[in-house]
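A structural walkthrough
So you can see what is in the structure, the chains are spelled out below.
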Amino acid sequence: MVLPQKHKVLTGHHLAQQTKTMKKLAIFDLDGTLIDSVADLAQATNYALSQYGYPTHPTDAYRFFVGNGINKLFERALPEGEKSMDNVMKIRQAFIPYYNVHNRDFTRPYPGIVNMLETLQNAGVVLAIASNKYMEATTQLVKSYFPHIQFACVLGQREGVKPKPDPQIVYDIIEATKIEHNDIIYIGDSNVDMLTAKNAQLPSIGVTWGFRPSSELQESGATYIASTAEEIVEIILKNE
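In what follows, the accompanying structure is described. In this text the structure is predicted, and so the values were computed from the model without any measurement. (Residues numbered from 1 in each chain as written. Predicted model: local features only at pLDDT ≥ 70, side-chain atom pairs only at ≥ 80, totals over all residues. Heavy atoms only, no water.)

1. Some details on the overall build of the protein
When helices and strands are tallied, the protein shows ten helices and eight strands. In terms of overall dimensions, the protein is globule-like: its C-alpha atoms have a radius of gyration of 18 Å, near the 18 Å expected for 240 residues. With the C-alpha coordinates of the protein rotated into their principal frame, the extents come out at 60 × 30 × 30 Å. Across the protein, contacts joining residues at least 24 apart in sequence account for 69% of those joining residues at least 6 apart. For the protein, the computed accessible surface area is about 10800 Å², with 50% contributed by carbon and sulfur atoms. Charged side chains of the protein number 22 positive and 26 negative; the gap between the two group centres comes to 2 Å. (Helix = DSSP H or I, 4+ residues; strand = E, 2+ residues; numbered from the N terminus. Rg over C-alpha atoms; globule rule 2.2 N^0.38 Å. Contact = heavy atoms within 4.5 Å. Areas by Shrake-Rupley, 256 points an atom, 1.4 Å probe, with all protein chains shown as cover. Lys, Arg positive; Asp, Glu negative; His and termini not counted. Charge placed at Lys NZ, Arg CZ, Asp CG, Glu CD.)

What follows is the structure, encoded as structure tokens:
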């Protein structure tokens, strides 16, 4: 469902009319949803692959490699016959120090994202991030690009916790925020995100500007489809 009406940051009496039945907690994916990070992920993975003489890939290929955590990213990027866990860990060891330095070379928030987050924050919506990116980079990028947004919880992939679409990361955010299930919505750009929401029994917004096509979002059960950041505001703050 696409809601095309545009929004600016809302304050005062405008918000009072908008927030009667709004969602109280919005859980966002990070890569492909809030930030366009594919070029830096591609550059860092290609760097790591090249250190071991493996072939590299064009940036667009990485739109379908990412989404299930970096170990799965490396497995997909490695050539057939070389996708062992030992090789995945070799690539990881080369990737992380490079990416920690270069993860903001090309990465930027998508158009309208900062304004959207400010609008939701001003409306009293609690904001959180659930990412399959490893924790160190997740927190680094959130602090860098969204310094004025007061996220209640920012979680990346952690040791001992299964990556999305396992819903544990969502359950951890719910436990931290103490917000009722019926008052929560999940926003992401891929089938991994839509399945995460489904597994957590949450409604979802699939965004079309990310790494995957809108057809994938629809096929994986997105409750809503948003083609602009403003449409996320409409969906979350709408009266039903």
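2. Side note on the pattern of salt bridges
Tallying each qualifying case throughout the model produces nine salt bridges. In this structure, the salt-bridge partner of R63 is D60, at a minimum N-O distance of 3.3 Å. A relative accessible area of 52% places D60 in the exposed class. Residue K164 is joined to D193 by a salt bridge in which the shortest nitrogen-to-oxygen separation is 3.0 Å. Note that K164 is positioned in the loop between strand 5 (153-157) and helix 7 (168-177) and D193 in helix 8 (residues 191-199), a separation of 29 residues in sequence. Considered together, K164 and D193 belong to a single accessibility category, that of buried residues. Each of the salt bridges in this network shares a partner with another, and the network as a whole consists of D29, K164 and D193. (Salt bridge = Lys/Arg side-chain N within 4 Å of Asp/Glu carboxyl O. Buried < 20%, exposed > 50% of the residue type's maximum accessible area, 1.4 Å probe, protein only.)

3. Here we look at helix 5 (residues 113-122)
Every buried residue of helix 5 is accounted for by I113, M116, L117, T119 and L120. When helix 5 is viewed along its axis, its buried side chains cluster within an angular range of 160° and face the same direction. Those residues of helix 5 hidden inside the fold are in contact with strand 1 (25-28), strand 3 (108-109), strand 4 (126-134) and helix 10 (229-237). Directly after helix 5, the chain includes G124, whose backbone phi takes a positive value near 90°. (Arc of directions from axis to C-beta.)

4. What to know about the packing of helix 2 (residues 38-51) against helix 4 (residues 85-102)
Running from amino to carboxyl end, helix 2 crosses helix 4 at an angle of 140°, the nearest separation of the two axes being 8 Å. In terms of their interaxial angle, helix 2 and helix 4 are classed as oblique. Where helix 2 crosses over helix 4, the two elements pack in a sense that is right-handed. Here helix 2 contributes D40, L41, Q43, A44, T45, Y47, A48 and L49 to the contact with helix 4, which in turn contributes I91, A94, F95, Y98, Y99 and H102. (Axes fitted to C-alpha atoms, helices over the stretch in contact; angles between N-to-C directions. Parallel < 35°, antiparallel > 145°, perpendicular 65-115°, else oblique. Left-handed = near helix turned anticlockwise from the far one by under 90°.)

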